[in-house]
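Summary of structural features
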Amino acid sequence: MNDPFVHPSSGSPTTLVDTPATVARFVSAMPSLLAMLNAEGDVVACSEPWARRFLPEGKDQGPIPLEDGASPGDDAPAVSVSLEDFPSFFDLFEDPDDTWRELLATVLREQTPRRGDVRPLTQPTGTTYWVDWAVRPWRSEDGSARGLLLSFTDQTDHHQAESIRRQVEQRFDILVDTVSEGVLLMDNNGIFRDCNTAAQEILGRPVDEIVGTRFDDERWNGLRKDGTPLPNVEFPFWRAFVEREAVEGAVMGVYPPDAPPRWIHVNAQPLFQDDREEPYAVLVCFEDITDKQLKEEALQTSRDLLSSVLSSSLDGIIVFTAVGDEEVEGFECLLANPQAEKLLKETCDDLVGCRLRDMLPETEDTDLLAACRTVVETGEPFEAEVRYASQALDAWFQVMIVSIEDGVALTLRDISERKEAARAMAAANAKLERRNRALRDFAYIASHDLQEPLRKIRAFSNLVLEDYGDAVDDTGQHYLERMQDAAERMSQLINDLLVYSRITTRAQPFESVDLGTIAENVRNDLDLRIEDVNGTVEIGDLPTIEADPTQVRQILQNLIGNGLKFHKPDVPPRVRISATVEPAPDDLKQDGRLDAACSEMCRLIVTDNGIGFEESHADRIFTPFKRLHGRGEYEGTGMGLAICRRIVERHGGDISADSTPGEGTTFTVLLPVAREDTAHDASSESVPDE
Amino acid sequence: MSGDGSIHILLAEDDPDDRLLTRRALAKSRIASEFTAVENGEELMRYLRREGEYSDPENAPRPGLILLDLNMPRMDGREALREIKSDPELRRIPVVVLTTSEADQDIRQSYDLGVNAFVTKPVTFDGLADAVQALGEFWFDLVKLPPEPDTKE
């Protein structure tokens, strides 16, 4: 700052010594803001700019005639200063803290000039100037008058600019620290000079590990989008610097310490100073998009998954969007997977945009359009089997419709083969049913029509014997008796066959059966026969099982009866019945000899001391009408054991025989103790009585 | 009952052998009776209603007992039984089903239709003769039947 008061020739460098008038005249002429104060602080003279700037309007034509711009001459009125007329500095300016008053007093007392930078100068009107100031004492040569010279340089504009700049800077700092984006400032050497909090968080490092490092520092370990290392020249901020152009939307990965890489979305803006071509810095803003990226990856993964599901699905899948403003008018195909193309024999391009009605027209039984509407309205899925029999489309489809956001997803499964199989099965069943009916008819025939003539043969031969017995000799009578015996045996055969066929057709439901009681009853029934042959029947402890009581009784009757019948001529028959309950072995179930659902089985053993038979016949004896002995030796139709086996099989069990000729036979019957349900009694049919 | 004290038995049976056997069995029994046989349900109904060849009451005396076979051509025994038992004029005549059937269903159905007795034909002739004898004794000696309409006065 120029100091107009420095007087090189003066003895004292600090105090201006002159006549007040001379000083005043000098002050008035100065172009800068200069004022002369007396010791009381009154402004006794001032420069024109000072007056214009600081004096109130009313004092304008004050002691200093500055308006005309005339240089104050020797006779200038300014010289004739009357101090009383001049305003006090402290009237002109507010000085609430007495800052100015103390300053001025100090300078006056110490007679040492002082200067300082921007300091507010507030007028009573409220206007504040910011000034650089210099205060220098003056005194007259005789020392009678003293005062101060006050020089101001107006810095108001500069000060305002500065404070605005500061505000902006502050705002900027706040902004930068508030935003969630990371902000970095890289200088023209590639060194980071500043960073905000978000940058520290995203990069996972404190400020001192960021600021001061170069962008290509190892620690950053940049990654390309595909996960390969990012070469230095590709760093977006470096590119912005080198290319002198903003880089926007670059995506790169960075490694926070000891953590998986984070993905950032980077904008880098080169900063230029004045007209220089090379940027002095690059401002880098970046956003953490790791989560977004992960979500996107997950989304992409699920998209890929969905896509592979769609393309590999064996079901045709078609997505329809509902068309229509308020009411659903129709459905338009949005998407069709390869299987749908195959099933509908159309390409995807042809299908997309196509209406449901055209693709899958209404059939006699099913209106898919109406079904789709209902699905959209209720949200309930729809399922149906639909037959298409047009020239273009000849198939059975299982159709499933589910509601989706603004339409439906329709799944098609070709069930033509299944339908064909079901049809074939139904046909086979019908055939089987016819056969069964024929079998039942046979049973009926056996019980009535075959019996009728036999009955007649017996009745009429009876009549002949009765009415014409005298006319026939003994041989004739014998023949007639043989005839009657034959007829009776045939009748018995037919009856046994009927019993055999009725095992399934006349089956009773399974119920709890006490084998002990049943065996006891059978023994009572056979009482006469036992007595006849002088035999014994021993019954051990027998369990209670779930079975058809009539049929179980039949088994016991046949087996015990067998034991009584096939006894050695000189040895009275002895039949023993015992049973155990044991876990059902798996191998028997696998062989199909025992019901798969059976967990516990009853092993019923009937042993006799009879004639026995060769082991090789062990299976034959269970075949209908198979006999091991001539009728002359032992009575019977050969149906008893066949009936036993059929009953045991119906119960999901097994029967077998072990025998040694001449020593006796042991029959082993395996029967499930309990049943899961009676439903798996598949062999039983509900048939009207024959 | 007829005035001469003999009873009239009407047999509906399609099998000539059985008709013969039954007739023979009846003859063998000590029951004084008249015997008429018809061959099927339709003929039976014509007889009972005195229609067609039976329009002359002399040819079709009201039976004191009907022996009915179940399985016959044209109208079978079940249908005939239903008609007899739903006819107010005829339903009081005792009807005995005499059949080879032992089927529960036949027995049940016959009683449901109002049969008075169900008898399975014995296999031998002697058995049949015994059965017919027992039936006659039961129905004509033991059982008290409602008076016949035409003898009411």
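Above this note sits the structure.
An account of the accompanying structure is given in this report. From a predicted model like this one, the values you see are computed outputs, not experimental measurements.

This part is about the overall build of chain A. From N to C terminus, chain A includes 20 helices and 23 strands. Here chain A holds 690 residues, and 39% of them are scored as buried. When contacts within chain A are restricted to residue pairs at least 6 apart in sequence, long-range pairs at least 24 apart make up 56% of them. By element, 49% of the accessible surface of chain A is carried by carbon and sulfur atoms, the whole surface being about 37900 Å².

All names here are of chain A. If you trace the backbone, Arg440 turns up in helix α13 (residues 416-447). A residue is classified by how much of its surface remains accessible, and Arg440, at 16% relative accessible area, is buried. Spatially, the C-alpha atom of Arg440 lies 9.6 Å from that of Leu498, the residues being 58 residues apart in sequence.

All right, on to the interface of chain B and chain A then. In this complex, chain B contributes 20 residues to the contact, which on the side of chain A involves 15 residues. Summed over both partners, the interface of chain B with chain A buries about 1600 Å², with 49% contributed by carbon and sulfur atoms. Linking chain B with chain A are five salt bridges. Residue A:Lys456 is joined to B:Asp15 by a salt bridge in which the shortest nitrogen-to-oxygen separation is 2.4 Å. Where chain B touches chain A, the interface holds five residue pairs in polar contact (both at pLDDT 80 or more). Counting residues per element, the ones that place at least two in the side of chain B that touches chain A are α1 (16-28), α4 (104-112) and α5 (125-142) of chain B.

What follows is about helix α7 (residues 236-243) of chain A. Residues and elements named next belong to chain A. Every buried residue of α7 is accounted for by Pro236, Phe237, Trp238, Ala240 and Phe241. If you follow the buried residues of α7, they end up packed against β7 (182-187), β8 (192-195), β9 (247-254), β10 (262-271) and β11 (281-288). One or two residues past the end of α7 sits Arg244, with phi positive at roughly 55°.

Residue and element names in this part refer to chain B. Tracing the backbone through its elements, the reader meets Glu13 in the loop between β1 (7-12) and α1. Taking relative accessible area as the criterion, Glu13 reaches 2% and is therefore assigned buried. A polar atom in the side chain of Glu13 sits 3.0 Å from the side chain of Lys121.

All names here are of chain B. Pairing is parallel in the open sheet, where five strands are placed in the order β2-β1-β3-β4-β5. Only two strands of the sheet have a single neighbouring strand rather than two, namely β2 (33-38) and β5 (117-120). Geometrically, the sheet is characterised by an average inter-axis angle of 20° between neighbouring strands, direction not taken into account. Here strand β4 (residues 95-99) pairs with β5 via four bridges, running parallel. Bridge pairing links Val97 to Phe118 in β5.

Right, let's talk about the pairing of strand β16 (residues 407-414) of chain A for a bit. Residue and element names in this part refer to chain A. In this structure, strand β12 (residues 316-323) lies alongside β16, joined through six bridges in antiparallel fashion. Directly across from Phe320, in β16, lies its bridge partner Val408. Here strand β15 (residues 394-404) runs beside β16; their pairing, made up of eight bridges, is antiparallel. Of the residues in β16, the one forming a bridge with Gln398 is Arg413.

The subject of this paragraph is unusual backbone geometry. The backbone of A:Gln111 shows a phi angle near 55°, a positive value even though the residue is not glycine. Looking at the element boundaries, A:Gln111 is found in the loop between α4 (99-110) and β4 (114-122). The phi torsion at B:Arg50 lies on the positive side, around 55°, for a residue other than glycine. Mapped onto the elements of the fold, B:Arg50 is located in the loop between α2 (41-49) and β3 (65-68).

For the rest of this paragraph, the subject is the packing of helix α16 (residues 515-525) of chain A against helix α18 (residues 549-565) of chain A. Residues and elements named next belong to chain A. The interhelical angle for the contact between α16 and α18, taken along N-to-C directions, is 50°, at an axis separation of 9 Å. Between α16 and α18, the interaxial angle falls into the category oblique. Classified by chirality, the crossing of α18 by α16 is right-handed. Contacts from Leu515, Ile518, Ala519, Asn521, Val522 and Asp525 in α16 reach Pro549, Val552, Arg553, Leu556, Gln557 and Ile560 in α18.

So, on to the packing of aromatic side chains. Residue and element names in this part refer to chain A. The full count for this structure, using the stated rule, is 19 aromatic pairs over all chains. Taken together, the ring pairs connect Trp50, Phe54, Phe89, Phe90, Phe93, Trp100, Tyr129, Trp133 and Phe152 into an aromatic cluster. The cationic tip of Arg119 hangs over the ring face of Trp100; the distance from NZ or CZ to the ring centre is 5.3 Å. Above the plane of the ring of Trp238 lies Arg214, whose end atom (NZ or CZ) is 5.6 Å from the centre.

Looking now at the pattern of salt bridges. Residues and elements named next belong to chain A. Across all of its chains, the model carries 46 salt bridges over all chains by this definition. Taking the shortest distance from any N to any O, the salt bridge between Arg205 and Glu209 comes out at 3.0 Å. Relative accessible area serves as the criterion here: at 30%, Glu209 is assigned to the partly exposed category. Between Glu488 and Arg458 there is a salt bridge, with the nearest N and O atoms lying 3.7 Å from each other. Remark: Arg458 occurs in helix α14 (residues 451-468) and Glu488 occurs in helix α15 (residues 474-505); sequence separation between them is 30 residues. Using a relative accessible area of 43% as the deciding quantity, one classes Glu488 as partly exposed. Residue Arg458 is classed as buried on the basis of its relative accessible area, which comes to 11%. Residues participating in the shared-partner salt-bridge network are Glu162, Arg165, Arg166 and Glu169.

Take the nonpolar core next. One recurring pattern in soluble globular proteins: nonpolar side chains tend to sit buried together. Residues and elements named next belong to chain A. Counting 40 residues, the largest nonpolar core has Leu515, Leu556, Leu559, Ile560, Ile577, Leu604 and Phe667 as the members making the most contacts within it. Looking at this core, the elements that each hand over two or more residues are α16, β19 (544-547), α18, β20 (574-583), β21 (600-608), α20 (640-650), β22 (654-660) and β23 (664-672). At six residues, α18 tops the list of elements feeding residues into this core. Sequence-distant contacts of Leu515, that is, excluding residues within four places in its chain, are made with Leu542, Pro543, Ile545, Val552, Leu556, Cys602 and Leu604. Counting residues in each nonpolar core, the second largest holds 29 residues, with Leu351, Ala371, Leu393 and Val408 among its members.

Before going further, it helps to examine the sheet that holds β12(A). The strands that make up a sheet pair up through hydrogen bonds in the backbone, lying either parallel or antiparallel. All names here are of chain A. If you walk across this open sheet you meet the five strands as β13-β12-β16-β15-β14, and the pairing is antiparallel. Of all strands in the sheet, those with a lone pairing partner are β13 (330-336) and β14 (382-389), marking the two edges. Recorded for the sheet is a direction-independent mean angle of 30° between the axes of neighbouring strands. Across the sheet, helix α12 (residues 368-378) lies against β13, β14, β15 and β16, angled at about 20° from β15, the strand it touches most.

To continue, consider a positive patch on the surface. Taken together, the side chains of A:Lys431, A:Arg434, A:Arg435 and A:Arg437 define a basic patch exposed on the protein surface. Locating A:Arg435 in the fold gives a position in helix α13.

Conventions adopted
- Residues numbered from 1 in each chain as written.
- Chains lettered and ligands numbered in written order.
- Predicted model: local features only at pLDDT ≥ 70, side-chain atom pairs only at ≥ 80, totals over all residues.
- Heavy atoms only, no water.
- Helix = DSSP H or I, 4+ residues; strand = E, 2+ residues; numbered from the N terminus.
- Buried < 20%, exposed > 50% of the residue type's maximum accessible area, 1.4 Å probe, protein only.
- Contact = heavy atoms within 4.5 Å.
- Areas by Shrake-Rupley, 256 points an atom, 1.4 Å probe, with all protein chains shown as cover.
- Buried area = accessible area lost by both parts, 1.4 Å probe.
- Salt bridge = Lys/Arg side-chain N within 4 Å of Asp/Glu carboxyl O.
- Polar contact = N/O pair within 3.5 Å; in protein donor to acceptor, adjacent residues only side chain to side chain.
- Pairing = 2+ DSSP bridges.
- Axes fitted to C-alpha atoms, helices over the stretch in contact; angles between N-to-C directions.
- Parallel < 35°, antiparallel > 145°, perpendicular 65-115°, else oblique.
- Left-handed = near helix turned anticlockwise from the far one by under 90°.
- Phe/Tyr/Trp six-rings, centres within 6.5 Å; stacked < 30°, edge-to-face > 60°.
- Lys NZ or Arg CZ within 6 Å of the ring centre and 35° of its normal.
- Core = buried A, V, L, I, M, F, W, Y, C linked by side-chain atoms within 4.5 Å.
- Patch = residues over 30% accessible without salt bridge, like charges linked within 9 Å, V, L, I, M, F, W, Y side chains within 5 Å.
- Lys, Arg positive; Asp, Glu negative; His and termini not counted.
- Charge placed at Lys NZ, Arg CZ, Asp CG, Glu CD.

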